[in-house]
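Analysis of the macromolecular model
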Amino acid sequence: MSSLGVYIELKEGKVKKTNLELLTLAHQNGRAATAVIFAEEVNGYVEELGAYGVNQIIQVTGLDEAAWVGARAQKLAEIIKEQGLSDFVGTHSAHGKDMMPRVAARLEAPLATDCIGIDFEQGVATKPIYAGKVIAQVKLTGEPRLFTLRPNTITPEKAATATTPEVKTVTATVGTPLSQIKEIVKGVAGRIDLTEAQIIVSGGRGMKDKDNFKMLEEMADCLGAALGASRAAVDSGYATQDMQVGQTGKTVNPVLYIACGISGAIQHFAGMKTSKVIVAVNKDPEAPIFKKADFGIVGDLFEVVPVLTEELKKVMKGN
Ligand SMILES: Cc1cc2nc3c(=O)[nH]c(=O)nc-3n(C[C@H](O)[C@H](O)[C@H](O)COP(=O)(O)OP(=O)(O)OC[C@H]3O[C@@H](n4cnc5c(N)ncnc54)[C@H](O)[C@@H]3O)c2cc1C
């Protein structure tokens, strides 16, 4: 099979962990990877990408992260065509969701988004649909085939043999932007991005007050976790919008999701259903979250969470 095209998203000048998942997908499928990076400087990434089996880096200069995404999509579509890349993968991030459909439209190519599995031989992608109620298998016909992968689907692994990728530089121009990013506002400083987090501690309306989220922060700090919230908690002003998990918030895919004072409405579940292990703390034994949780604690979270945090601290200290 030909080289797998991978869109590398940088965050504060670093390759995101989710991109390493895409590169792992490539070498696990016996494919060499062609990594496309929009950056003025790529020398700093050569060794890291080589460790994940990348054999070619295509550096695109002239379009920084604030550049119109349509210009990036146009250039990426040209690169996919010129390089004859039969398959191209990106991350199902906010940027990936904005970018990849534009690329697909320009190439008139099939696109499967939010995949949790890709069978390149059959051209079949596995993805949750109807807010996670159904897992669909979607067959893509024609070439090139485009995919976005849900973060935390694959554990990043270096390739058996490291490579020294060849770097090819191309320049792009913005043209006439149809929209423009005016400002990039950072999320809560020091916190892990929810969509990439391995562990999430999340609070709902049951937290009753903004200050009570400090309790969850303490647990999150102990576990190295990100902080999430239900929409009810966000609407009540206990948490910020960027923390919202669910149908109209972020889709997360952690190894461990701890839901405190969250009832488990379908719209919340839609955003965290694929979590590997769900733990729920709720005082109502009939709360729907318990039907979906792997472990449930029926009790007052104001009593349970501090005890749980203390116990977790002991365990984490032992590690
Ligand atoms: C179109 C649409 C989109 C939506 N999108 C989203 C979305 O993206 N994300 C989302 O989360 N919701 C979304 N919602 C809202 C969703 O339907 C629910 O209203 C919301 O998820 C409820 O949040 P909650 O579980 O925090 O609150 P509640 O449903 O009020 O549940 C609070 C829970 O806390 C428990 N509790 C209270 N006190 C304590 C205590 N001391 N100790 C332990 N437990 C306690 C209660 O037993 C209860 O189960 C959407 C709704 C619509 C219509």
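Here is a short report on the structure shown in this document. No experiment lies behind these values; they were computed from the predicted model shown.

This brings us to the side chain of Ser86. In this structure, Ser86 sits in the loop between helix H3 (69-83) and strand E6 (87-91). Once residues lying within four places of it in the same chain are set aside, the contact partners of Ser86 are Ser2, Arg31, Glu143, Pro144 and Arg145.

Let us now look at the environment of Lys250. Mapped onto the fold, Lys250 is located in the loop between helix H6 (231-235) and strand E15 (256-260). On the basis of relative accessible area, Lys250 is assigned to the partly exposed category, the value being 28%. Sequence separation of Lys250 and Ala270 is 20 residues, and the distance between their C-alpha atoms is 9.4 Å. Once you skip the residues sitting within four places of it in the chain, Lys250 turns out to touch Leu194, Thr195, Asp242, Gln244, Val245 and Gly271. One polar contact links the side chain of Lys250 to the main-chain carbonyl oxygen of Asp242, over a distance of 3.0 Å.

Let us look at the pairing of strand E1 (residues 4-8). Most of E1 sits inside the fold, with five of its five residues counted as buried. Neither face of E1 is exposed, since Leu4, Val6 and Ile8 on one face and Gly5 and Tyr7 on the opposite face are all buried. Across three bridges, the pairing between E1 and E6 is parallel. Across the sheet, Leu4 pairs through a bridge with Asp87, a residue of E6. Pairing between E1 and strand E4 (residues 33-38): five bridges, direction parallel. The residue of E4 that forms the bridge with Leu4 is Ala33.

Let us now look at unusual backbone geometry. Look at the link from Glu143 to Pro144: it is a cis peptide, with omega at -5 degrees. By the secondary structure assignment, Pro144 is in the loop between strand E10 (134-139) and strand E11 (145-149). Despite not being glycine, Asp114 shows a phi value in the positive range, around 55 degrees. Following the sequence through the fold, Asp114 ends up in strand E7 (residues 111-115). Among the residues examined, Asp114 registers a relative accessible area of 11% and is labelled buried. Backbone geometry at Asn152 places phi at a positive 70 degrees, although glycine is not the residue there. Here Asn152 falls in the buried class, since its relative accessible area comes to 7%.

Let us now look at the pairing of strand E9 (residues 124-129). Buried residues dominate E9, accounting for five of its six residues. Where strand E8 (residues 117-119) meets E9, three bridges bridge the pair, whose relative direction is antiparallel. The residue bridging Asp119 from the neighbouring strand is Val124, located in E9.

What follows deals with the site of the ligand. Close contacts around the ligand come from 26 residues, with Arg205, Ser230, Thr248, Ser263 and Asn282 the closest. Taking Arg231, its main chain carries an N or O atom lying 2.9 Å from an oxygen atom of the ligand. One nitrogen or oxygen atom from the side chain of Asn282 is found 2.7 Å from an oxygen atom belonging to the ligand. Protein burial of the ligand: of its 990 Å² of free accessible surface, 77% is covered by the chains. Looking at the shell around the ligand, the elements with two or more residues in it are H6, helix H7 (266-272) and helix H9 (301-318). Here the residues of the shell around the ligand are counted per class, giving six nonpolar, 14 polar and six charged.

Reading the values: the criteria
- Residues numbered from 1 in each chain as written.
- Predicted model: local features only at pLDDT ≥ 70, side-chain atom pairs only at ≥ 80, totals over all residues.
- Heavy atoms only, no water.
- Helix = DSSP H or I, 4+ residues; strand = E, 2+ residues; numbered from the N terminus.
- Contact = heavy atoms within 4.5 Å.
- Buried < 20%, exposed > 50% of the residue type's maximum accessible area, 1.4 Å probe, protein only.
- Polar contact = N/O pair within 3.5 Å; in protein donor to acceptor, adjacent residues only side chain to side chain.
- Pairing = 2+ DSSP bridges.
- Near = heavy atom within 4 Å.
- Areas by Shrake-Rupley, 256 points an atom, 1.4 Å probe, with all protein chains shown as cover.
- Nonpolar A, V, L, I, M, F, W, Y, C, P; charged D, E, K, R; others polar.

Everything listed here is a matter of coordinates, which is why it stays silent on function.
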